[in-house]
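# Examining the three-dimensional arrangement
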Amino acid sequence: MRKNYSLSLLLFVMFAVSACAAPKSTAAMATTQPQINPTPEMMMEKKVESTSLPRYVEYSKDVLEQSSSMRRVLFFYASWCSTCRPADADFEKNIDLIPADLVIIRVNYDDPETDAEEKALASQYGITYQHTFVQIDAQGNVVTKWNGGQFNELLASLKSS
């Protein structure tokens, strides 16, 4: 009987330790993406007229207007989305590699925090599900649109505008 108790206790302790050692975020669980090395053209810094916007930022109407002289990518995101969270973490991790003439604007797509402006933006660009990217020009016209991916895929999908 004592052996069964000891074995049960040992299994319980092993399970508890393994649960504590599990990855803390879904980004750690994400599959490895193929690495795309940015070309000099991708990384070439263009002059950005009097803007000090972060390169990866939450949506606001002001941010959208202030970034009109830059290349802009709208990232339609949902906090519950299992592919959006790793992409979000990857953008944060690579924030210093985002070209200086580019701003990635994270737009809540279908969260409790999604406001009317964000819903209107999703409607304007025909967004039907989260983890969709839309590159827009200075007038807000679509330059290119794609679904899925992380930092390297975003760089590969960018167009000159």
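This brings us to the confidence of the model for the chain. For the chain, per-residue confidence averages 78 on the pLDDT scale, and residues scoring 70 or more make up 68% of the total. When mean pLDDT is taken per element in the chain, strand β4 (residues 132-136) scores highest with 97 and helix α2 (residues 26-29) scores lowest with 40. A low-confidence stretch, residues 15-50 stays under pLDDT 50, and its non-local contacts, those more than four residues away or across chains, total 31 contacts.

Okay, the environment of D88 next. Note on placement: D88 falls in helix α5 (residues 84-93). Between the C-alpha atom of D88 and that of Y56, which follows or precedes it by 32 residues, the distance is 9.4 Å. Apart from residues lying up to four places away in sequence, D88 is in contact with Y56, F75, Y77 and R106. Here the side chain of D88 touches R106 through a polar contact of 3.0 Å, side chain to side chain.

Once that is clear, we can look at the packing of aromatic side chains. Across all of its chains, the model carries 6 aromatic pairs by this definition. For the pair Y56 and F91, a centre-to-centre distance of 5.4 Å together with 55° between the ring planes defines the contact as tilted. In this pair, Y56 sits in strand β1 (residues 56-58) while F91 sits in helix α5, placing the two residues 35 residues apart along the sequence. For the residue pair Y56 and F91, the accessibility class agrees, reading buried in each case. Seen in terms of ring centroids, F75 and Y77 are 5.7 Å apart; in terms of plane orientation they differ by 75°. Their pairing is edge-to-face. Each member of the pair, F75 together with Y77, is buried. Members of the aromatic cluster, connected to one another through ring pairs, are Y56, F75, Y77, F91, F133 and W146. The ring of Y77 has R106 lying over it, and the distance from NZ or CZ to the ring centre is 3.8 Å.

Okay, the pairing of strand β5 (residues 142-147) next. Of the pairings in the sheet, the one linking β4 to β5 comprises 5 bridges and is antiparallel in character. Opposite F133, over in β5, you have W146 as the bridge partner. The loop that links β4 with its antiparallel partner β5 comprises 5 residues; one of these, G140, has a positive phi angle of about 90°.

We now examine a negative patch on the surface. Judged by side-chain charge, D62, E65, D115 and E117 come together as a negatively charged surface patch. Within the element layout of this structure, E65 appears in helix α4 (residues 61-66).

Procedures and definitions
- Residues numbered from 1 in each chain as written.
- Predicted model: local features only at pLDDT ≥ 70, side-chain atom pairs only at ≥ 80, totals over all residues.
- Heavy atoms only, no water.
- pLDDT = per-residue confidence, 0-100.
- Helix = DSSP H or I, 4+ residues; strand = E, 2+ residues; numbered from the N terminus.
- Contact = heavy atoms within 4.5 Å.
- Polar contact = N/O pair within 3.5 Å; in protein donor to acceptor, adjacent residues only side chain to side chain.
- Phe/Tyr/Trp six-rings, centres within 6.5 Å; stacked < 30°, edge-to-face > 60°.
- Buried < 20%, exposed > 50% of the residue type's maximum accessible area, 1.4 Å probe, protein only.
- Lys NZ or Arg CZ within 6 Å of the ring centre and 35° of its normal.
- Pairing = 2+ DSSP bridges.
- Patch = residues over 30% accessible without salt bridge, like charges linked within 9 Å, V, L, I, M, F, W, Y side chains within 5 Å.
- Areas by Shrake-Rupley, 256 points an atom, 1.4 Å probe, with all protein chains shown as cover.
- Salt bridge = Lys/Arg side-chain N within 4 Å of Asp/Glu carboxyl O.
- Lys, Arg positive; Asp, Glu negative; His and termini not counted.
- Charge placed at Lys NZ, Arg CZ, Asp CG, Glu CD.

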